[in-house]
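Coordinates in review
Letter by letter, the chains look like this.
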Amino acid sequence: MEKPKILYELEVAHGSIYGKEEEQALLEVLRNRAPSCGPKVQEFEEAFAEYCGCDHALAVTSATTGLTLAGLAAGVTRGDEVITTPISWIATAAAFSALGAELKFCDVDARTMNLDPKKLEGLIGPKTKAIVPVHLYGQCCAMDRIMEIAEKHNLVVIDDCAHAPGAEYNGKKTGSLAHMSVFSFHQQKNMGTLGEGGMLTTSNRELRDKALSYRSLCARIYGESYKYLSIDEDKYPMGKDYWRVQFDAIGYNFRMTDAQAAVGIEQLKKLDRHNQRRIDLAARLDEKLGAVKGITLPYIDPKGKHVFHVYVILLQDGFPLTKSEFMWELYTKKGIKAWSHYMLIHLTAPYRVEGHKEGECPVAEQAFDHYVSLPVHPRLTEEAIDYMAASIVELGNSAQ
Ligand SMILES: *Cc1c(COP(=O)(O)O)cnc(C)c1O
């Protein structure tokens, strides 16, 4: 089979698409002096909150800083414990470790790879402060059970929605499923804001006010938390003391820029369309890979809407190649760069130093040797998907 022209898109394996609308929006910001956190950020936040069906959204520099901000708002500090999943990008855990918390890893459901609520209660103790589920690969966790358990034990739930903008659970969108939710607009995610970016959402006014304060060094200007920069500021309620700035605590600078937000507004308008493209491409892969011996296709929870950040297959023992062999052959012989989401967090060097080890999460550890992520981003054509599927079928038949 001949290499299609779009092979590049199978090697740069994730992300969204920018078009004329983003170009136009960016130029407009540039002509308006491209401020830090200005009117475009406010507009983006309002549109994002409305899309998710929640009350407040705060734009930040990344999901990593968004998780840190959520932790600060929840009061996570040294001596607290935070429970999360072992299968995620390390940022999910690192953001809370950096605040001094001790991480506990809850094993996953073997079908979805999401945090398994059945294993959750055994990890909750007197020091537990927060639960951080991750809607892995674009599919929501069992949020009804997780919220029930959290409420029973009076814990804060911060869901990591980095893979899942626009995903749903029981008819409700991510961003409205937990006490606080955090999104990523990094270049590899379902929507992008110029390489980096993130969003924190909540419907709790108190948490929102704390997060807003920490986002800008806990500074108060004109008596209010620093919110949006207005270049033509004409509000001087403090009269001749208008220049006095107060600081309530030690904070951070996690503010998004207007240039990023202007692009985010256009990306949000296209999100449902881009997600639908992912869902369609995933269905096409299902069809073509369904008969391959030794491959398990992604499980879809009927309670949710899966937005396929990636398409993850499991290579079972009947498959002729190991995971590493398969990924290497697919890359070197077919030019398709599959990936493995993720390295198990509890077995990474910094968490081993903290005493984590093999045996803590047996389901995740067993799955690690089997999961392989395939690209289904919206820049891919049907031709590219068919080429990828045919390549996988060929490798599946190779040693038989
Ligand atoms: C990408 C990602 C993050 C971190 O996002 P950044 O915006 O890069 O900081 C956190 N959690 C998950 C699950 C991710 O995929």
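This is a predicted model, so every value here is computed, not measured.

Packing of helix α4 (residues 63-74) against helix α7 (residues 205-215) leaves a shortest axis separation of 8 Å and a crossing angle of 125°. In terms of orientation, α4 and α7 fall into the oblique class. As α4 packs across α7, the resulting crossing turns out to be right-handed. Every residue of α7 that contacts α4 at L69, L72, A73 and A74 is listed here: L207, K210, A211, Y214 and R215. For the contact of α4 with α7, a count of residues per class yields 7 nonpolar, no polar and 2 charged.

Two numbers describe how helix α2 (residues 20-31) lies on helix α8 (residues 258-289): the axes approach to 8 Å, and their chain directions differ by 155°. Looking at the two axes, α2 sits roughly antiparallel to α8. At the point where α2 passes α8, the crossing takes the right-handed sense. Across from E21, E22, A25, L26 and V29 in α2, the residues of α8 making contact are D258, A259, A262, V263, E266, Q267 and K270. Here the residues of the contact of α2 with α8 sort into 6 nonpolar, 1 polar and 5 charged.

A few words now on the sheet that holds strand β12 (residues 245-247). Strand order in the open sheet formed by 3 strands is β11-β10-β12, and the pairing between neighbours is antiparallel. At either end of the open sheet lies a strand with only one pairing partner, and these are β11 (224-225) and β12. Pairing geometry for strand β10 (residues 219-221) and β12, over 3 bridges, is antiparallel. Bridging across to β12, A219 finds its partner in F247.

Another point: the site of the ligand. In the neighbourhood of the ligand, 16 residues make up the surrounding shell, with T64, D160, H163, S184 and K189 lying closest. Here A63 contributes a backbone N or O atom positioned 2.8 Å from an oxygen atom of the ligand. Here T92 contributes a side-chain N or O atom positioned 3.4 Å from a nitrogen atom of the ligand. For the ligand, whose free accessible area comes to 380 Å², the fraction covered by protein is 94%. Sorting the residues of the shell around the ligand by element identifies α4 and α5 (91-97) as the ones contributing at least two each. Of the residues contributing to the shell around the ligand, the split by class is 6 nonpolar, 8 polar and 2 charged.

Now for the pattern of salt bridges. Side chains that differ in charge, positive against negative, can pair when their charged atoms come close. Enumeration according to the criterion identifies 24 salt bridges in this entry. When the shortest N-O distance is used, the salt bridge between R145 and E148 registers 2.5 Å. Taken as a pair, R145 and E148 lie in helix α6 (residues 143-152) at a separation of 3 residues, close to a single helical turn. Residue classification places E148 among the partly exposed positions, given a relative accessible area of 49%. For R205, the salt bridge identified is with D209, shortest N-O distance 3.3 Å. Highlighted residues: R205 and D209, both in helix α7, separated by 4 residues, approximately one helical turn. One salt-bridge network, held together by shared partners, links E21, E22 and K270.

Examined against the element boundaries, T85 turns out to sit in the loop between β2 (81-84) and α5. On the basis of relative accessibility, which here comes to 1%, the residue T85 falls in the buried class. Among the polar contacts made by the side chain of T85, one reaches the main-chain amide nitrogen of I87 at a distance of 3.0 Å. Setting aside chain neighbours within four positions, we find T85 in contact with F105, C106, V108, L115, V132, V134 and I345.

This part is about the packing of aromatic side chains. One pass over the structure, following the stated rule, counts 10 aromatic pairs. Ring centres of F48 and F183 lie 4.9 Å apart, and the angle between their planes is 80°; this geometry places the pair in the edge-to-face category. Linking F48 in helix α3 (residues 39-52) with F183 in strand β8 (residues 180-184), this pair joins segments that are 135 residues apart in sequence. Accessibility classification places F48 together with F183 in one group, the buried group. Aromatic side chains F308 and Y311 sit 6.0 Å apart centroid to centroid with 25° between the ring planes, which places their arrangement in the stacked category.

A separate point is α8. Taking 1.5 Å per residue as the helical rise, α8 with its 32 residues ought to reach 46 Å, and the 43 Å between its terminal C-alpha atoms agrees with that figure. Largest kink in α8: about 50°, centred on K270.

The next subject is the sheet that holds β8. Pairing in this open sheet of 7 strands is mixed, and the strands run β1-β9-β8-β5-β4-β2-β3 from one edge to the other. With partners counted over all chains shown, the strands left at the sheet margins are β1 (56-60) and β3 (102-105), one partner each. Strand-to-strand twist across the sheet, computed as the mean angle between neighbouring axes with direction ignored, equals 20°. The sheet contact formed by strand β5 (residues 156-160) and β8 spans 3 bridges and is parallel. For D159, the partnering residue across the bridge sits in β8 and is S181.

Further remarks concern the environment of M113. The topology assignment puts M113 in the loop between β3 and β4 (128-132). Spatially, the C-alpha atom of M113 lies 9.8 Å from that of S88, the residues being 25 residues apart in sequence. Residue contacts for M113: discarding those within four places in its chain leaves I87, V108, L136, Y137, L314, A367 and Y371.

On to the domain arrangement of the protein, then. Each assigned domain of the protein is listed here: domain 1 (5-267) and domain 2 (271-396). Placing the centre of domain 1 and that of domain 2 at their C-alpha centroids yields a distance of 26 Å. Where domain 1 abuts domain 2, roughly 4500 Å² becomes buried across the two surfaces, and 59% of that area is made up of carbon and sulfur atoms. Joining domain 1 to domain 2, the criterion identifies 1 salt bridge. Across the pair K303 and D144 runs a salt bridge whose closest N-O atoms are separated by 2.9 Å. Inspection of the domain 1/domain 2 interface yields 27 residue pairs in polar contact (both at pLDDT 80 or more). Elements with a minimum of two residues in the side of domain 1 that touches domain 2: α1 (7-11), α5, β3 and β6 (168-169).

Reading guide: rules and limits
Residues numbered from 1 in each chain as written. Predicted model: local features only at pLDDT ≥ 70, side-chain atom pairs only at ≥ 80, totals over all residues. Heavy atoms only, no water. Axes fitted to C-alpha atoms, helices over the stretch in contact; angles between N-to-C directions. Helix = DSSP H or I, 4+ residues; strand = E, 2+ residues; numbered from the N terminus. Parallel < 35°, antiparallel > 145°, perpendicular 65-115°, else oblique. Left-handed = near helix turned anticlockwise from the far one by under 90°. Contact = heavy atoms within 4.5 Å. Nonpolar A, V, L, I, M, F, W, Y, C, P; charged D, E, K, R; others polar. Pairing = 2+ DSSP bridges. Near = heavy atom within 4 Å. Polar contact = N/O pair within 3.5 Å; in protein donor to acceptor, adjacent residues only side chain to side chain. Areas by Shrake-Rupley, 256 points an atom, 1.4 Å probe, with all protein chains shown as cover. Salt bridge = Lys/Arg side-chain N within 4 Å of Asp/Glu carboxyl O. Buried < 20%, exposed > 50% of the residue type's maximum accessible area, 1.4 Å probe, protein only. Phe/Tyr/Trp six-rings, centres within 6.5 Å; stacked < 30°, edge-to-face > 60°. Expected span 1.5 Å × (residues − 1). Bend = angle between axes of the 7 residues up to and from the residue. Domains from an automatic or database assignment. Buried area = accessible area lost by both parts, 1.4 Å probe.

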